[in-house]
Amino acid sequence: MSLTGRTRLSILDKPLSRGKGEVSLSCFALLFSEVVQYCQNKSQTVPELQNKLHELGQKVGVKLIDLYFVRERNCKREIKLLNILLFVKSTLWKALFGREADKLEHSNDDENTYYLMEKDPLVNKFISVPRDKSSLNCAVFIAGIVEAVLTGTDLRPKLPPTGTKEQHIW
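Residues numbered from 1 in each chain as written. Predicted model: local features only at pLDDT ≥ 70, side-chain atom pairs only at ≥ 80, totals over all residues. Heavy atoms only, no water.

The test is simple: UniProt positions are given in the numbering used here, feature names are shortened, and annotations may be inferred rather than shown by experiment.
The protein is annotated in an unreviewed UniProt entry as Trafficking protein particle complex subunit 5 from Molorchus minor. The record in UniProt for the protein states the following under Subunit (unreviewed entry): "Part of the multisubunit TRAPP (transport protein particle) complex." Of the comments in the UniProt record for the protein, the one headed Sequence similarities (unreviewed entry) reads "Belongs to the TRAPP small subunits family. BET3 subfamily."

## Overview of the pattern of salt bridges
In a structure, side chains of opposite charge can pair up when their charged atoms sit close to one another. Put simply, the rule is: Basic side-chain nitrogens of Lys or Arg form a salt bridge, by our definition, when they fall within 4 Å of a carboxyl oxygen of Asp or Glu. Numbering goes from the N terminus for both helices and strands, where a helix is a DSSP run of H or I of at least four residues and a strand is a run of E of at least two.
Applying the stated criterion across every chain, the model contains 5 salt bridges. A salt bridge links Glu-100 to Lys-89; its shortest N-O distance comes to 2.9 Å. Residue Glu-100 is located in the loop between helix H3 (81–97) and strand E1 (103–106), and its partner Lys-89 is located in helix H3; the two are separated by 11 residues in the primary sequence. One salt bridge connects Glu-100 with Lys-94, and the closest N-O pair in it is separated by 3.8 Å.

## Details of the environment of Leu-116
Within the fold, Leu-116 resides in strand E2 (residues 114–118). Separated by 11 residues in sequence, Leu-116 and Glu-105 place their C-alpha atoms 6.6 Å apart.

## So, helix H2 (residues 46–72)
This is how it is decided: Multiply 1.5 Å by the residue count of a helix minus one, and that product is the helix's expected span. Each residue is assigned to one of three classes by its accessible area relative to the maximum for its type, calculated with a 1.4 Å probe on protein chains only: buried under 20%, partly exposed between the two thresholds, exposed over 50%. In this description, contact between two residues means that some pair of their heavy atoms is separated by no more than 4.5 Å.
Counted at 1.5 Å a residue, the expected span for H2 with its 27 residues is 39 Å, and the 38 Å between its end C-alpha atoms agrees. For H2, the full list of buried residues reads Val-46, Leu-49, Gln-50, Leu-53, His-54, Gly-57, Gly-61, Ile-65, Tyr-68 and Phe-69. Those residues of H2 that are buried are in contact with helix H1 (25–41), H3 and helix H5 (140–152).

## A closer look at the packing of H3 against H5
Quick note on the threshold: Axis geometry follows a simple rule: fit a line to the C-alpha atoms, using only the stretch in contact for helices, then measure angles between N-to-C directions, giving values from 0 to 180 degrees. Working definition: roughly parallel below 35 degrees, roughly antiparallel above 145 degrees, roughly perpendicular at 65 to 115 degrees, and oblique for all remaining angles. Definitions for this section: a left-handed crossing has its near helix turned counterclockwise from the far helix by less than a right angle. A right-handed crossing has that turn clockwise. Throughout, the ten residues Ala, Val, Leu, Ile, Met, Phe, Trp, Tyr, Cys and Pro are labelled nonpolar, Asp, Glu, Lys and Arg are labelled charged, and all others, Gly among them, are labelled polar.
Look at H3 against H5: their axes get within 11 Å of each other, and the N-to-C directions meet at 135 degrees. With respect to H5, the axis of H3 lies oblique. Relative to H5, the crossing made by H3 is right-handed. Of the residues in H5, those in contact with Ile-84, Leu-85, Phe-87, Val-88, Leu-92, Trp-93, Leu-96 and Phe-97 of H3 are Ile-142, Ile-145, Val-146, Val-149 and Leu-150. Class assignment for the residues of the contact of H3 with H5 results in 13 nonpolar, no polar and no charged.

## A closer look at the side chain of Ser-107
Relative to the assigned elements, Ser-107 resides in the loop between E1 and E2. Once you skip the residues sitting within four places of it in the chain, Ser-107 turns out to touch Thr-113 and Tyr-115.

## Comments concerning the nonpolar core
Quick note on the threshold: Think of a nonpolar core as a cluster: buried Ala, Val, Leu, Ile, Met, Phe, Trp, Tyr and Cys residues, connected wherever their side-chain atoms sit within 4.5 Å.
One finds Phe-87, Val-88, Trp-93 and Cys-138 to be the most contacted residues of the largest nonpolar core, which totals 32 residues. Looking at this core, the elements that each hand over two or more residues are H1, H2, H3, helix H4 (122–125) and H5. For Phe-87, the contacting residues outside a window of four places in its chain are Tyr-68, Phe-69, Leu-92 and Val-149.

## Re H3
Note the threshold: What the bend at a residue measures is the angle between two axes, fitted to the seven residues ending there and to the seven starting there.
With 17 residues, H3 extends 22 Å from end C-alpha to end C-alpha; this agrees with the ideal 24 Å at 1.5 Å per step. At Val-88, H3 shows its largest bend, some 35 degrees. Three or more residues of H3 are buried, namely Ile-84, Leu-85, Phe-87, Val-88, Lys-89, Ser-90, Leu-92, Trp-93 and Phe-97. Looking at the buried side of H3, the elements it contacts are H2, E1, E2, H4 and H5.

## Digging into the side chain of Asn-137
What counts is decided by this rule: Counted as a polar contact is a pair of N or O atoms within 3.5 Å, where, for protein atoms, one must be capable of donating a hydrogen and the other of accepting one, and residues adjacent in sequence contribute only when both atoms are in side chains.
In this fold, Asn-137 is placed in the loop between H4 and H5. Here Asn-124 takes part through its side chain, which lies 3.1 Å from a polar atom of the side chain of Asn-137.

## Thoughts on the packing of aromatic side chains
Convention followed: Classification of ring pairs uses Phe, Tyr and Trp, with its six-membered ring standing for Trp, and accepts pairs whose centres are within 6.5 Å; under 30 degrees between planes counts as stacked, over 60 as edge-to-face, and the remaining range as tilted.
Going through the model one piece at a time under the given rule, you end up with 4 aromatic pairs. With a centroid separation of 5.3 Å and 55 degrees between ring planes, the pair formed by Trp-93 and Phe-97 is classed as tilted. On the criterion of helical spacing, the pair formed by Trp-93 and Phe-97 is a turn pair, its members being 4 residues apart in helix H3. Taken together, the aromatic side chains of Phe-28, Phe-32 and Phe-141 make up a single cluster linked through ring pairs.

Spelled out as structure tokens, the structure:
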């Protein structure tokens, strides 16, 4: 305790929303391209590369959900499917990419099926894909983050991420 009667908070006790939490786009692009290159060096095929990116995304998602719910929500986690999906679409997406996801749609076929859509994922923007790996979709990294967040709140996602080059759906 200091002489003024206030305790000093460590950096780990401060909320995440304080200060400027932005990273320059060029820095992010360089870092993510190095992550992709690292995964590429450790894999032989495109599906194996995508699996490694997905696993890394899951590790990031676990850390993010712990940070958000412990620091910002006083250890209170969402337990309703729609609430956690809205959290991912707005709060988490803003923290990661500076804006909300494009759409969250409910399926007409199944009551428990939702689609989180992003037209142009940031992780695909600065990655040049060679011709022999034309099916590579780096947005599986984001799918790993989303899957870890849903799994961390005891919701079990059933469908893998899908999408085309124009629109990515999780």
